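Architecture and fold: a report
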Amino acid sequence: MSPPTPALRHQVIKIYKELLYLGRDYPQGYEFFKTRLHKAFASQKDLADEAKIRAGIKRAEFVKKEIEALYYLKRYRTLRQRYDKA
Amino acid sequence: MFRTALLRSARQAICAAPRCQAPIARPVARSFLQSKQTPPAACFQAVRCYSAHAGLAKQEVEGRIMDLLKNFDKVTDTTKLNGEAHFHNDLGLDSLDTVEVVMAIEEEFSIEIPDKEADAIHSVKQAVDYILAQPDAH
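None of the values given here were measured: they were computed from a predicted structure.

Here's the deal with the overall build of chain A
Helices and strands together make up the secondary structure of chain A, namely three helices and zero strands. Helices and strands appear in chain A in the N-to-C order α-α-α. Taken over 86 residues, chain A has a buried fraction of 27%. Long-range pairs, those at least 24 residues apart, make up 62% of the contacts in chain A with a sequence separation of at least 6. Carbon and sulfur atoms provide 56% of the accessible area of chain A, an area that totals close to 6,300 Å².

And the structure:
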């Protein structure tokens, strides 16, 4: 991905791993999530500029927070539904 | 808790000792301070701890990693899959797939591979060697 900057490479791999762990409970399934994530990361493989890579990592962090928020929302809705029904 | 177990085993060892060395007129009631140091070693060696390393055979590790790779959907050419296969050159996996494979290996053997070591695993052989070097791999 970024041969000249091993530290950045590690960061990218780290966020990739974290996203993969998060994707286990993705509503549309892990497979769906995994292929999408892989595509998203692979499409950025030609980035050579350090600033651009950092921006990409920022974006990945943002997506991670979005997924977390999605899970919270999903839980909230499920609970809400159950309480409303009763 | 541990201390009482230690004392008890020491006492047992003392009781057992005179039976085999009967002719020696050694006083049975030695002070505990003395006896605590010597006999427990012999006593505890006989006990195998649950946490002891069970020992993984190389073939077993290799087989499990191969099975894992066989079920990995991006490995299309399973004929090239052998103990020496390189993830990138032989199996056609990119670096992201390698990360996924390493994650799967982590789960299979219930260990955690640090990022630096995970980055160095590029082939089946390297993975097997790494797992064999880990005492807590299952």
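Focus: the pattern of salt bridges
Counted according to the given criterion, the structure contains 13 salt bridges over all chains. A salt bridge links Glu50(A) to Arg54(A); the nearest nitrogen and oxygen atoms lie 3.1 Å apart. Of this pair, Glu50(A) and Arg54(A) are both found in helix α3 (residues 50-85), four residues apart, which corresponds to roughly one turn of the helix. With a shortest N-O distance of 3.1 Å, Glu60(B) and Arg64(B) are connected by a salt bridge.

What to know about the interface of chain B and chain A
Listed per partner, the contact involves 15 residues of chain B and 15 residues of chain A. Carbon and sulfur atoms make up 55% of the surface buried where chain B meets chain A, a total of about 1,400 Å² over both sides. Along the contact surface separating chain B from chain A lie five salt bridges. Between Arg24(A) and Glu107(B) there is a salt bridge; the shortest N-O distance is 2.9 Å. With eight residues, the top contributor of residues to the side of chain B that touches chain A is helix α5 (residues 95-108) of chain B.

Brief notes about the nonpolar core
A general trend in soluble globular proteins is that nonpolar side chains are found buried together. By size, the foremost hydrophobic cluster in this structure holds 26 residues, and its most contacted members are Ile65(B) and Leu69(B). Mapped by element, the contributors of at least two residues to this core are α4 (58-70), α5 and α7 (124-133) of chain B. In this structure, Tyr16(A), Leu20(A), Leu37(A) and Ile57(A) belong to the second largest nonpolar core, which totals 19 residues.

Here we look at the packing of helix α1 (residues 6-22) of chain A against α3(A)
All names here are of chain A. Interhelical geometry of α1 versus α3 gives an angle of 15° and a closest axis separation of 10 Å. By the angle between their directions, the pair α1 and α3 is classed as roughly parallel. The interaxial crossing formed by α1 with α3 has left-handed handedness. Taking contact as the criterion, the partners of Leu8, Gln11, Val12, Ile15, Glu18, Leu19 and Leu22 in α1 are, on α3, Glu50, Ile53, Arg54, Ile57, Ala60, Glu61, Val63, Lys64, Ile67, Glu68 and Tyr71. Across the contact of α1 with α3, the residue classes break down as 11 nonpolar, one polar and six charged.

Examining the confidence of the model for chain A
Overall, the predicted model of chain A reaches an average pLDDT of 88, with 94% of residues at or above 70. The lowest-confidence element of chain A is α1(A), averaging 88 in pLDDT; the highest-confidence one is α3(A), averaging 92.

So, how was this worked out
- Residues numbered from 1 in each chain as written.
- Chains lettered and ligands numbered in written order.
- Predicted model: local features only at pLDDT ≥ 70, side-chain atom pairs only at ≥ 80, totals over all residues.
- Heavy atoms only, no water.
- Helix = DSSP H or I, 4+ residues; strand = E, 2+ residues; numbered from the N terminus.
- Buried < 20%, exposed > 50% of the residue type's maximum accessible area, 1.4 Å probe, protein only.
- Contact = heavy atoms within 4.5 Å.
- Areas by Shrake-Rupley, 256 points an atom, 1.4 Å probe, with all protein chains shown as cover.
- Salt bridge = Lys/Arg side-chain N within 4 Å of Asp/Glu carboxyl O.
- Buried area = accessible area lost by both parts, 1.4 Å probe.
- Core = buried A, V, L, I, M, F, W, Y, C linked by side-chain atoms within 4.5 Å.
- Axes fitted to C-alpha atoms, helices over the stretch in contact; angles between N-to-C directions.
- Parallel < 35°, antiparallel > 145°, perpendicular 65-115°, else oblique.
- Left-handed = near helix turned anticlockwise from the far one by under 90°.
- Nonpolar A, V, L, I, M, F, W, Y, C, P; charged D, E, K, R; others polar.
- pLDDT = per-residue confidence, 0-100.

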